[in-house]
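# Analysis of the macromolecular model
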Amino acid sequence: MPSPDPSILIRLLSGEAVFDRDTDSRILEAANEVTARALFEAFRHCDTSSPHWGEAFAELLKEISTGCPSILIGFDDGRWQGLESASDEATDDSAEVSPDPPVVYFLRLQFSNTEACYYQYHLVPSFNEPFIHTASRKRAGDSQYLRLTISRPEDLQVFIQNLRGNPHLEKVHDSSPEEFDQAPSHGV
């Protein structure tokens, strides 16, 4: 059984797209919930000869992750952005930092079936996150098509992690402006 090249995991953890949006985000989510040792041990046992080994790795991580990032020491993934207390705010107003320009992403949220997509339309996703500037969505069949404008690229992972609690959500796919424009229904 061929072992995977560790540079694949390093690229993924560095923010590079390696597999697909859904698989990458599931691995990143678990990476912040298990120790680095557990992550690399699981990765080391992947069979790269399988065509869908990345998805199998993400599933394995789901089984061993704690489900709560506060149990382990991890990096700041931005999930608490906007929730800092007043005492945590910088008091030096002279050091103004110009914010990065917002980033636009197009996603397709695939639900378990057309009915689930229809009934979840007004519930999922929540656009009340402090890092979301604007959001638009449309629905077609078993999928919602989203156009998100968010503060930083790192915030997309937090947004996707928040979606995972919905049992009807099957996968998160990258989409395009063309797919978004062709989807028939409007909302938000």
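Preceding this paragraph is the structure being described.
A few points on the structure. If you're wondering where the values come from, they're calculated on a predicted model, not measured in any experiment.

Attention shifts here to the packing of aromatic side chains. Enumeration over the complete set of coordinates arrives at six aromatic pairs. Judged by centre distance (5.3 Å) and plane angle (70°), the ring pair of Phe 43 and Phe 57 falls under edge-to-face. Pair noted here: Phe 43 is in helix α3 (residues 36-44) and Phe 57 is in helix α4 (residues 53-64), with a separation of 14 residues, a long-range link. Comparing Phe 43 with Phe 57 shows no difference in burial state: the two are buried.

Here we come to the environment of Arg 26. Looking at where Arg 26 falls in the secondary structure, it is placed in helix α2 (residues 21-31). As a C-alpha pair, Arg 26 and Glu 55 span 29 residues in sequence and 8.9 Å in three-dimensional space. In this view, Arg 26 contacts Glu 55, Ala 58, Glu 59 and Arg 164; residues no more than four positions away in its chain are not counted.

Turning our attention to the side chain of Ser 25. Relative to the assigned elements, Ser 25 resides in helix α2. With residues near it in sequence (within four places) discarded, Ser 25 still touches Gln 157, Ile 160 and Arg 164.

On to the pattern of salt bridges, then. Throughout the structure, instances matching the rule amount to 12 salt bridges. Between Glu 16 and Arg 11 there is a salt bridge, with the nearest N and O atoms lying 2.8 Å from each other. Taking the relative accessible area as the measure of exposure, Glu 16 reaches 40% and is therefore partly exposed. A salt bridge links Arg 164 to Asp 22; the shortest N-O distance between them is 3.0 Å. In this pair, Arg 164 sits in the loop between α6 (155-163) and β4 (169-174) while Asp 22 sits in helix α2, placing the two residues 142 residues apart along the sequence. Residue class for Asp 22 comes out buried when judged on its relative accessible area of 2%. Each member of the salt-bridge network shares a partner with another, and the members are Asp 22, Arg 26, Glu 29, Glu 59, Lys 62 and Arg 164.

The next subject is a nonpolar patch on the surface. A cluster of nonpolar side chains, contributed by Ile 10, Leu 13 and Phe 40, occupies part of the molecular surface with about 240 Å² of accessible area. Within the secondary structure layout, Leu 13 lies in helix α1 (residues 6-13). Leu 13 gets classed as partly exposed once you look at its relative accessible area, which sits at 35%.

Before going further, it helps to examine the pairing of strand β3 (residues 143-150). Within β3, seven of the eight residues are buried, which leaves it mostly tucked inside the rest of the structure. Pairing geometry for strand β1 (residues 103-111) and β3, over eight bridges, is antiparallel. Note that in β3 the partner of Val 103 across the bridge is Ile 150. Relative to β3, strand β2 (residues 132-140) runs antiparallel, the two being bridged by eight bridges. Counterpart to Arg 139 in the pairing with β3 is Gln 144. Turn length for the β2-β3 hairpin, with the two strands adjacent in sequence and antiparallel, is two residues, and the turn residue Gly 141 shows positive phi of about 60°.

To continue, consider the sheet that holds β3. Taken together, four strands build an open sheet; the order of strands is β2-β3-β1-β4 and the sheet is antiparallel. The sheet terminates laterally at β2 and β4, the two strands that pair on one side only. Direction aside, neighbouring strands of the sheet carry axes that sit 25° apart on average. Pairing analysis gives five bridges linking β1 to β4, with the strands arranged antiparallel. Opposite Phe 111, over in β4, you have Leu 169 as the bridge partner.

About the cut-offs
- Residues numbered from 1 in each chain as written.
- Predicted model: local features only at pLDDT ≥ 70, side-chain atom pairs only at ≥ 80, totals over all residues.
- Heavy atoms only, no water.
- Phe/Tyr/Trp six-rings, centres within 6.5 Å; stacked < 30°, edge-to-face > 60°.
- Helix = DSSP H or I, 4+ residues; strand = E, 2+ residues; numbered from the N terminus.
- Buried < 20%, exposed > 50% of the residue type's maximum accessible area, 1.4 Å probe, protein only.
- Contact = heavy atoms within 4.5 Å.
- Salt bridge = Lys/Arg side-chain N within 4 Å of Asp/Glu carboxyl O.
- Patch = residues over 30% accessible without salt bridge, like charges linked within 9 Å, V, L, I, M, F, W, Y side chains within 5 Å.
- Areas by Shrake-Rupley, 256 points an atom, 1.4 Å probe, with all protein chains shown as cover.
- Pairing = 2+ DSSP bridges.
- Axes fitted to C-alpha atoms, helices over the stretch in contact; angles between N-to-C directions.

So far we have only geometry, and geometry alone does not tell us how the molecule works.
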